Amino acid sequence: MEVTVRSVWAQNFKAESQLLHQIAPRAKHVALNVQYPGCVFGHGNGRSHRDLTAEERYEVIRANVALLRPLQVGIAVCTNDGRRFAWEFNLRGFDVASHKHDARDPNSIAYLAGRGVDFSRLPRHGIDGFRLRWLLRDSGLIRARPSWATFTGAYHVAYFVTMMGLGFELRPGPLKTQDRAWYGVKLPHSLNAFMEMARELIGRQLYDVKQLAREHDRSCVGALSNVVGKLAAVPPGERISKSNPAGTGSMMALLAFETLEKKLGADMEKYRHELCGLQVV
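Residues numbered from 1 in each chain as written. Predicted model: local features only at pLDDT ≥ 70, side-chain atom pairs only at ≥ 80, totals over all residues. Heavy atoms only, no water.

Colleague: Let's hear about helix α3 (residues 106-115): which residues, and what values?
Modeller: Since one α-helical turn is 3.6 residues long, residues separated by three or four positions face the same way. Among the residues of α3, S108, I109 and L112 are the ones counted as buried. Within α3, the buried residues cover an arc of 100° as seen down the axis, which keeps them to one side. In α3, the exposed positions that point more than 90 degrees away from the buried face belong to P106, N107, A110 and G114. Buried residues along α3 sit in contact with β3 (27-35). (Buried < 20%, exposed > 50% of the residue type's maximum accessible area, 1.4 Å probe, protein only. Helix = DSSP H or I, 4+ residues; strand = E, 2+ residues; numbered from the N terminus. Arc of directions from axis to C-beta. Contact = heavy atoms within 4.5 Å.)

Colleague: Tell me about the environment of M268, and please be specific about residues and values.
Modeller: Tracing the sequence through the fold places M268 in the segment after α11 (245-264). Distance in space between the C-alpha atoms of M268 and G46 is 34 Å, their sequence separation being 222 residues. Setting aside residues up to four positions removed in sequence, M268 forms contacts with Y207, L212, F257 and E261.

Colleague: I'd love a proper account of the nonpolar core, names of residues and values included.
Modeller: I75, W87, F89, L141, W148, F194 and L278 are the most contacted members of the largest nonpolar core, which has 50 residues in total. For this core, the secondary-structure elements that each account for two or more residues are α1 (13-23), β3, α2 (54-67), β4 (72-79), β5 (84-90), α5 (129-138), α6 (154-163) and α8 (191-202). By residue number, the principal contributor to this core is α6, which donates eight residues. When sequence neighbours within four positions are dropped, the list of residues in contact with F89 reads V8, F13, L20, L71, Q72, V73, I75, I127, L132 and L135. Within the second largest apolar cluster, 30 residues are counted, among which are V5, A149, L260 and L264. (Core = buried A, V, L, I, M, F, W, Y, C linked by side-chain atoms within 4.5 Å.)

Colleague: Go over the sheet that holds strand β7 (residues 206-208) with me, naming the residues and quoting the values.
Modeller: Strands sit in the order β2-β5-β4-β3-β6-β7 across an open sheet of six strands; the sheet is mixed. Across the chains shown, the open sheet's two edge strands, defined by having one partner strand only, are β2 (6-8) and β7. Across this sheet, the average inter-strand angle for adjacent strands is 20°, counted without regard to direction. Running at roughly 100° to β3, α6 makes contact with β3, β4, β6 (147-150) and β7 of the sheet. Across the sheet, α11 touches β3, β4, β5, β6 and β7, and the angle it forms with β3 is around 140°. (Pairing = 2+ DSSP bridges. Axes fitted to C-alpha atoms, helices over the stretch in contact; angles between N-to-C directions.)

Colleague: Would you mind going over the side chain of N90 in detail, with residue names and values included?
Modeller: Of note, N90 is situated in strand β5. Within polar-contact distance, the side chain of N90 engages the side chain of Q72 at 2.9 Å. Setting aside residues up to four positions removed in sequence, N90 forms contacts with S7, V8, W9, L71, Q72, L122, G126 and I127. (Polar contact = N/O pair within 3.5 Å; in protein donor to acceptor, adjacent residues only side chain to side chain.)

Colleague: Please set out the packing of aromatic side chains residue by residue, giving values where relevant.
Modeller: Going through the model one piece at a time under the given rule, you end up with eight aromatic pairs. One aromatic cluster is present, formed by Y36, Y155 and Y159 through successive ring pairs. The ring of W9 has R121 sitting right over it, with the charged end atom 4.0 Å from the ring centre. (Phe/Tyr/Trp six-rings, centres within 6.5 Å; stacked < 30°, edge-to-face > 60°. Lys NZ or Arg CZ within 6 Å of the ring centre and 35° of its normal.)

Keep in mind that these numbers describe shape and distance, not what the molecule does.
Here it is as structure tokens:
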């Protein structure tokens, strides 16, 4: 049986919002995955991401998030009674045909297109980011204070914090309609201030599955699909569709997190708010 990922566009946003309102107050665990059009900035001195300090990594992440628009947000939820749901919200704002205004890494675009991202539909049928922001706040998902999980989560959390901000980022000059579609607030200049924003938004129970998996078993490394397979995290008789990048990523992160929570127990508390790609690599 295939685990359903609910693909959300403007036309079914209202119906899916009603379902999320029913589920969100009972959320125990939530996993997050954000798909974005790659990275265009590296560190000016040419060093690899691994060789940078945490503050230098944050500078690179902050620069990329400020310029590149998010494409999809995947949210997977496990409720207090053990039911699982996954949504993939397709965002309006990025236009693959607009090379001048929408920055991207061409290799990332090709990869995501091959994974199922429908770039032609995003400008016309995608969801305005501010509608998603208010849904996630109004539904009670944030107020439920579940445990949050992500995989190699630095960019996922950075985009989420930006999108969930209360105000609009004011770029130089008038704020364009496409910017209003998704933009939240600027990321702060310092890593500590960013992590404090994350704690204020989603609480103190934030975990990176990649870090937890590595601590559980040093051979449990590589892509998320490899980690899920190594952990045997997918229940017997079930399989997860690979045609929904953000939704599939969030569901796999959720299943891996639940498996690791059982294996690590109280030991995983020491890894709260340690994001791979930021404080750890």
